[in-house]
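Residue strings, one per chain:
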Amino acid sequence: MRFTLVGNGRMGTQVAQVIGQSGRHEIAAVIDIDTPITPELFRGSDAIIDFTVRDAFLLNLPAILSSGVPVVVGTTGWDDVRETVRSQVSDAGASLLWSSNFSLGVNIFLRTVREAARLISPFPQFDIAFAEQHHTGKADFPSGTALRAADMILEANRRKTTVVRELSDERKLAPEELHVAAIRLGTVFGKHSAFIDSELDEIVISHTAKSRAGFASGSVEAAEWLAGRHRTTPGFYTMDDFLNEKLS
Ligand SMILES: NC(=O)C1=CN([C@@H]2O[C@H](COP(=O)(O)OP(=O)(O)OC[C@H]3O[C@@H](n4cnc5c(N)ncnc54)[C@H](OP(=O)(O)O)[C@@H]3O)[C@@H](O)[C@H]2O)C=CC1
Ligand SMILES: O=C(O)C1=N[C@H](C(=O)O)C[C@H](O)C1
């Protein structure tokens, strides 16, 4: 497959390396902040992979969708406009697959956290919180993965109803609030943990990325899947659609 990469930062370069080492794929173009974006730029590619920043992704999206080339989006920090993006994709008859984390390990971790949150739901003696650590170059907080985990915990646990990202000196955390904490530290690739606590015990479920390779290879595999889907059923997909098909 021929890939166009949008974004040439930490993730863009890692994805280029995965494609270069695959022996099956090639890079048609790498688009950086200085490239004027037009739909023609993407034509001739089989898939686009975007790892940029929220504003760049939203600005480039209309040209990407008009090009008719399926796009995999790893960029985080645009959860608040997800429904608008879904409509843009649908109106264009295009295909977009997004995930805040393309690592297979993280996706297994997230499903484990969801199950733990469900299991403790009937037992008020268990409380739950979530934390993430990332390198100091990360622009958004909490991470997209932590926000996804929070959504899953709220869905699975009837005792938690809202997310608190930052504590206040003015008041205590309410029992129905889920604390999601972020730490920015050195060069950490990404660490996510769910903490469950009772008077009698503590359960900690953690995932630590050992490099960016898992994010990059997951995005390329997702792009291969999306290119196939785009031929028969264009649409707005997530990593869950891809994984559910693999698991079925
Ligand atoms: N889904 C997943 O599995 C993962 C997601 N991420 C997410 O991916 C995103 C990128 O992360 P990372 O690579 O570490 O960040 P970087 O800051 O290293 O890279 C972002 C790149 O985007 C470039 N850029 C900015 N504006 C534009 C534009 N208009 N057109 C093209 N390129 C542009 C930046 O250029 P310049 O430096 O010149 O501004 C920079 O090179 C983040 O949102 C992060 O949270 C990260 C890891 C895994
Ligand atoms: O910016 C990063 O580095 C990462 N961002 C993603 C996120 O926001 O969840 C995924 C990964 O943890 C690395």
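Residues numbered from 1 in each chain as written. Chains lettered and ligands numbered in written order. Predicted model: local features only at pLDDT ≥ 70, side-chain atom pairs only at ≥ 80, totals over all residues. Heavy atoms only, no water.

Taking an unreviewed UniProt entry as the reference, the protein is identified by name as 4-hydroxy-tetrahydrodipicolinate reductase belonging to Chlorobium ferrooxidans DSM 13031. The UniProt entry for the protein carries the following text under Subunit (unreviewed entry): "Homotetramer." Under Subcellular location (unreviewed entry), UniProt gives the following word-for-word description of the protein: "Cytoplasm". (UniProt positions renumbered as here; feature names shortened; annotations may be inferred.)

Here the focus is the site of ligand 2. Lining the immediate environment of ligand 2, one finds 13 residues, of which His134, His135, Lys138, Gly144 and Thr145 sit closest. One nitrogen or oxygen atom from the main chain of Ser100 is found 3.4 Å from an oxygen atom belonging to ligand 2. His135 places a side-chain nitrogen or oxygen 2.7 Å from an oxygen atom of ligand 2. Taking 320 Å² as the accessible area of ligand 2 by itself, protein coverage stands at 86%. Of the residues assigned to the shell around ligand 2, the class counts are two nonpolar, nine polar and two charged. Of the domains in this structure, domain 1 (2–102 + 212–247) and domain 2 (104–208) are the two that each give at least three residues to the shell around ligand 2. (Near = heavy atom within 4 Å. Polar contact = N/O pair within 3.5 Å; in protein donor to acceptor, adjacent residues only side chain to side chain. Areas by Shrake-Rupley, 256 points an atom, 1.4 Å probe, with all protein chains shown as cover. Nonpolar A, V, L, I, M, F, W, Y, C, P; charged D, E, K, R; others polar. Domains from an automatic or database assignment.)

On the UniProt side, "binding site: (S)-2,3,4,5-tetrahydrodipicolinate" (unreviewed entry) is annotated at positions that read His135, Gly144 and Thr145 here. Along the chain, His135 turns up in the loop between strand E6 (127–134) and helix H5 (144–156). Those residues in contact with His135 that lie beyond four places of it in its chain are Arg10, Arg184, Leu185, Gly186, Thr187, Val188 and Arg212. Of note, Thr145 is situated in helix H5. Residue classification places Thr145 among the buried residues on the basis of a relative accessible area of 3%. Every residue in contact with Thr145, bar those within four places of it in the chain, is listed here: Ser100, Asn101, Val106, Leu110 and His192. At 3.1 Å, the side chain of Thr145 forms a polar contact with the side chain of Asn101. (Helix = DSSP H or I, 4+ residues; strand = E, 2+ residues; numbered from the N terminus. Contact = heavy atoms within 4.5 Å. Buried < 20%, exposed > 50% of the residue type's maximum accessible area, 1.4 Å probe, protein only.)

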